[in-house]
Amino acid sequence: MPLKAWTLSSGFEIPFSALIWGSFFLTDSPDQTNTRTPYIAGLFRFQNRFTKFILCSAFTGKQITTVMGEQALTGARMLRMPVCIPKLTRVVLSHRLRALFILACKFMSFASIMLYWRMAEDPKGRGQLYSLPVEVCCANSEPSTYAIVGGPPPSPGNLFFVETSERTDPSYLFMCSVESAARMHPGTRVVVLMKGLANRNTSLPKHWGFSLLSCFPSVEIWPLDLPELFSGTPLAKWYLQAQQHWELYFLPVLSDACRIAIMWKFGGIYLDTDFIVLKNLKNLTNALGIQSKYVLNGAFLSFQPKYKFMELCMQDFVENYNSWIWDKGPQLLTRVFKKWCSISNIQSTMSCKGVSALHPEAFYPIPWQDWKKYFEVVSSSELHHLFNNTYTVHVWNKKSQGTRLEITSQALLAQLYFQFCPATYNIMMKGSVWQ
């Protein structure tokens, strides 16, 4: 039976939705607030106090009983309600503006997560041209040898892309990511793991994207078998115990878990599916990118198999996991890297104990705050100057998806499609395109 309410020993019931909202107020761990300005840090400290009082007022009384249909479970003893309610009232009344601001932010955050889940799980996708032919003719390409199953297991040096939702209709940007990686790494296996294929037979869905990828002999499409991927890692127990349908952040968290498990088990290179690869990445080993002044990012990872740094990332993931807080991958990697190097701040470019953190220009030349620049017209010389020291370009799909792109224009993103994934570009030329 589904969880309905929490009942206090006094008989007072608190709806389960209220507890969700209370736990939703919890913020990042304290070490993540070190990089914020004093005012923002103070705001988050107030938010934590506010949340604790909310939860305190909810979970009070001599005993707490969980009502599940006709069954009840007895909980632990908590503080008495009269102690918490006056404190909660004083905090809220003395910080009205902050409380209102936090409530508004959390509501927007909740709404954005719900939207993200709906879009990620939507099998139809967004802005896809379903009138396109299922079969794509391969120009100047050898016959494909890729398959959904079979072949040798992944080996060190592979490139990996992962789709953790149920979608089996890759977007234009997804296709460009894989195509550009295959073109820049001839002879290197490019493995695309898709969760939506795990319950299918050995045939791929009829979609122009899979037909296009068949033009590249190095590309392989594999089902993402999560229990198998996590087996033998610290993440195995976490995955089996995770409440996938109840946890708001499970999909992005699962993506973070998959990439560090892949790097530890197989090694090679991991890339998010909203990258466009501009240069060969094989000379980068045990490396990741700096996203901004204070934070690393795991959208690009390159590590040797069984490397200790990745093992520490998995351990940190499990130790700090909280189903109601999205401890984002960038924060996890930043936290582990600081411990690995015994430092308190991230520098522009640094390397210690065999792990390199590369300058933002290497993988994130355009910050996520400036994602609209990808849809602005630029000259070819400006484009060359902008990405002169860049290996890959991160398009920030969570921000840019749904934005109309005139593929025949001189928009920055349109030029990248034309130069680095021409097969995808030719498909996009068949009609109006939404990114």
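Scope of this entry: the structure provided in the associated data block. Quick caveat: nothing in here was measured; it's all calculated off a predicted structure.

The subject of this paragraph is the overall build of the protein. Helix and strand counts for the protein stand at 16 helices and 16 strands. Here the protein, with 435 residues, has 52% of them falling under the buried criterion. Nonlocal contacts in the protein, meaning residues at least 24 apart in sequence, comprise 77% of its contacts between residues at least 6 apart.

Direction vectors running N to C along helix 9 (residues 250–265) and helix 10 (residues 308–319) enclose 150°, while the axes themselves pass 9 Å from each other. The angle between helix 9 and helix 10 places the two elements in the roughly antiparallel class. Helix 9 and helix 10 meet at a crossing whose hand is left-handed. Touching Val253, Ala257, Ile260, Ala261, Met263 and Trp264 of helix 9 are Met310, Glu311, Cys313, Met314 and Phe317, all from helix 10. A per-class count over the contact of helix 9 with helix 10 returns 10 nonpolar, no polar and one charged.

Further remarks concern the sheet that holds strand 10 (residues 287–290). A sheet is described by the order of its strands in space; here eight strands give the open sequence 7-6-5-8-11-10-13-12, paired in mixed fashion. Only two strands of the sheet have a single partner each, and these edge strands are strand 7 (219–223) and strand 12 (350–352). On average, each strand axis in the sheet is tilted by 25° relative to the strand beside it, whichever way the strands run. Sheet strands touched by helix 9: strand 5 (159–163), strand 6 (190–194), strand 8 (268–271) and strand 11 (296–303). Its angle to strand 11, the strand with the most contacts, is close to 25°. Along the sheet, helix 11 (residues 329–341) contacts strand 10, strand 11, strand 12 and strand 13 (355–358); its crossing angle with strand 11, the most-contacted strand, is approximately 65°.

Here we come to the side chain of histidine 185. In this structure, histidine 185 sits in the loop between helix 5 (172–184) and strand 6. Accessibility expressed as a relative area gives 0% for histidine 185, which makes it buried. In this structure histidine 185 touches Leu159, Val277, Lys279, Asn280, Leu281 and Lys282, once residues within four positions along its chain are discounted.

The next subject is the state of the cysteines. Across all of its chains, the model carries two disulfides by this definition. Paired by a disulfide, cysteine 176 and cysteine 421 hold their sulfur atoms 2.0 Å apart. The sign of the -80° torsion about the S-S bond sets the cysteine 176-cysteine 421 disulfide as left-handed. Separated by 245 residues along the polypeptide, cysteine 176 in helix 5 and cysteine 421 in the loop between helix 15 (412–420) and helix 16 (422–428) bring together distant segments of the chain.

Along any regular strand the residues' side chains alternate between the sheet's two faces. In terms of strand pairing, strand 10 meets strand 11 through four bridges, oriented antiparallel. Note on strand 11: the bridge partner recorded for isoleucine 290 is leucine 296. The turn joining strand 10 and strand 11, which pair antiparallel and follow one another in sequence, is formed by five residues. Relative to strand 13, strand 10 runs parallel, the two sharing three bridges. Its bridge partner being in strand 13, glycine 289 is matched across the sheet by leucine 358.

Once that is clear, we can look at the environment of tryptophan 371. Here tryptophan 371 shows up in the loop between helix 12 (360–363) and helix 13 (380–386). A residue is classified by how much of its surface remains accessible, and tryptophan 371, at 16% relative accessible area, is buried. Note: C-alpha distance between tryptophan 371 and lysine 399 (28 residues apart in sequence) is 7.0 Å. Beyond its immediate stretch of four places on either side in the chain, tryptophan 371 contacts Ile366, Trp396, Lys399, Ser400 and Thr403.

Before going further, it helps to examine the pattern of salt bridges. A full pass over the atoms with the stated rule returns 11 salt bridges. Between aspartate 169 and arginine 167 there is a salt bridge whose closest N-O contact spans 3.1 Å. The buried category is assigned to arginine 167, whose relative accessible area is 18%. Three or more residues are tied together by salt bridges with common partners; here these are Asp256, Arg259 and Asp272.

Attention now moves to the side chain of threonine 424. Within the secondary structure, threonine 424 is located in helix 16. Among the residues examined, threonine 424 registers a relative accessible area of 0% and is labelled buried. A distance of 2.7 Å separates polar atoms of two side chains, one belonging to threonine 424 and the other to glutamate 179. Ignoring any residue separated from it by four or fewer positions in sequence, one finds threonine 424 in contact with Tyr172, Met175, Cys176, Glu179, Leu212 and Tyr417.

Thresholds applied
Residues numbered from 1 in each chain as written. Predicted model: local features only at pLDDT ≥ 70, side-chain atom pairs only at ≥ 80, totals over all residues. Heavy atoms only, no water. Helix = DSSP H or I, 4+ residues; strand = E, 2+ residues; numbered from the N terminus. Buried < 20%, exposed > 50% of the residue type's maximum accessible area, 1.4 Å probe, protein only. Contact = heavy atoms within 4.5 Å. Axes fitted to C-alpha atoms, helices over the stretch in contact; angles between N-to-C directions. Parallel < 35°, antiparallel > 145°, perpendicular 65-115°, else oblique. Left-handed = near helix turned anticlockwise from the far one by under 90°. Nonpolar A, V, L, I, M, F, W, Y, C, P; charged D, E, K, R; others polar. Pairing = 2+ DSSP bridges. Disulfide = S-S within 2.5 Å. Salt bridge = Lys/Arg side-chain N within 4 Å of Asp/Glu carboxyl O. Polar contact = N/O pair within 3.5 Å; in protein donor to acceptor, adjacent residues only side chain to side chain.

Take it as geometry only, folks, not as evidence of what the structure does.
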